[in-house]
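Examination of the molecular architecture
Chain residues, written in single-letter form:
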Amino acid sequence: MQGVQCRPLPNAAAVGVVDQLASAAAAKRAAAAAAAAVSPLSIDAAETPEKRIERLITENPVIIFSRSSCCMCHVMRRLLAAVGAHPLVIELDDAEMDRAVESLALSGPAGGTAAAVTPAVFIGGALVGGLESLMALHLSGHLVPRLREVGALYV
C-alpha cells in the first residue's frame, strides 16, 4: 500500500500488547473447552440413549431423525434450507431407528408403523411427522410461522 508507514512499538508497549493478546487467547481457549464440555451432542456415559434422544429433541428447534442414506431426509433438508432453517440431522442405522421408535413411542398417522415416520422431523420439541406431514405444513402456509415461533428462523 502506498503512503502507509509502519513504526515499531516502543519496547514497553509491545510487551503489554503481547501480554494482552496472550491472556485473550487463553480466555478463548478456556471458553471453548467449557463449551465443548457442555455440547448438546456430547455423550454422557450415564445418559441412556432414550434420554439422549429426548434431550436432543428439546434442545434443538428443528431436528430430523433419519435412516442412513435416506432420500426423503435429503428432500426435508432442502425444503427447510429453502425457507431458511437448518435442522440438526441425526442419521441412525435400522436397529438404532427401531429402538428410537420404540423408546419414544413414535407411530405414524392413525397408529401406523415405524416406517411411516422415518425420517421423523421435530419442530420445537413436537413431532411433525414424516415428509408428507412436513410438506402439508409447508403447503398450508403454517411451516414458516411455526419455525419463527420456535426460533429456527431469524427473520
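I will try to describe carefully the structure that is included in this document. Predicted model only: the values in this text are computed from it and were never measured.

With that settled, consider the nonpolar core. The biggest cluster of nonpolar side chains holds 18 residues, and the ones touching the most others in it are Val62, Leu80, Val121, Ile123, Leu134, Leu143 and Leu147. Of all the secondary-structure elements, those providing two or more residues to this core are β1 (62-67), α3 (71-83), β3 (120-123), α5 (131-139) and α6 (143-149). Ranked by the residues each element gives to this core, the list is headed by α3, at 4 residues. Those residues within four positions of Leu80 in sequence are excluded, and the remaining contacts are Val62, Ile64, Ala85, Pro87, Leu134, Leu143 and Leu147. By size, the runner-up hydrophobic cluster in this structure holds 9 residues, among which are Leu56, Phe65, Ala120 and Phe122.

Attention now goes to the pattern of salt bridges. As enumerated under the stated definition, the model contains 1 salt bridge in all. The partner of Glu59 in a salt bridge is Arg55, and the shortest N-O contact between them spans 3.4 Å. Linking Glu59 with Arg55, this pair stays in helix α2 (residues 49-59), spanning 4 residues, or about one helical turn. Glu59 sits in the partly exposed class, given a relative accessible area of 43%.

The rules we used
- Residues numbered from 1 in each chain as written.
- Predicted model: local features only at pLDDT ≥ 70, side-chain atom pairs only at ≥ 80, totals over all residues.
- Heavy atoms only, no water.
- Core = buried A, V, L, I, M, F, W, Y, C linked by side-chain atoms within 4.5 Å.
- Buried < 20%, exposed > 50% of the residue type's maximum accessible area, 1.4 Å probe, protein only.
- Helix = DSSP H or I, 4+ residues; strand = E, 2+ residues; numbered from the N terminus.
- Contact = heavy atoms within 4.5 Å.
- Salt bridge = Lys/Arg side-chain N within 4 Å of Asp/Glu carboxyl O.

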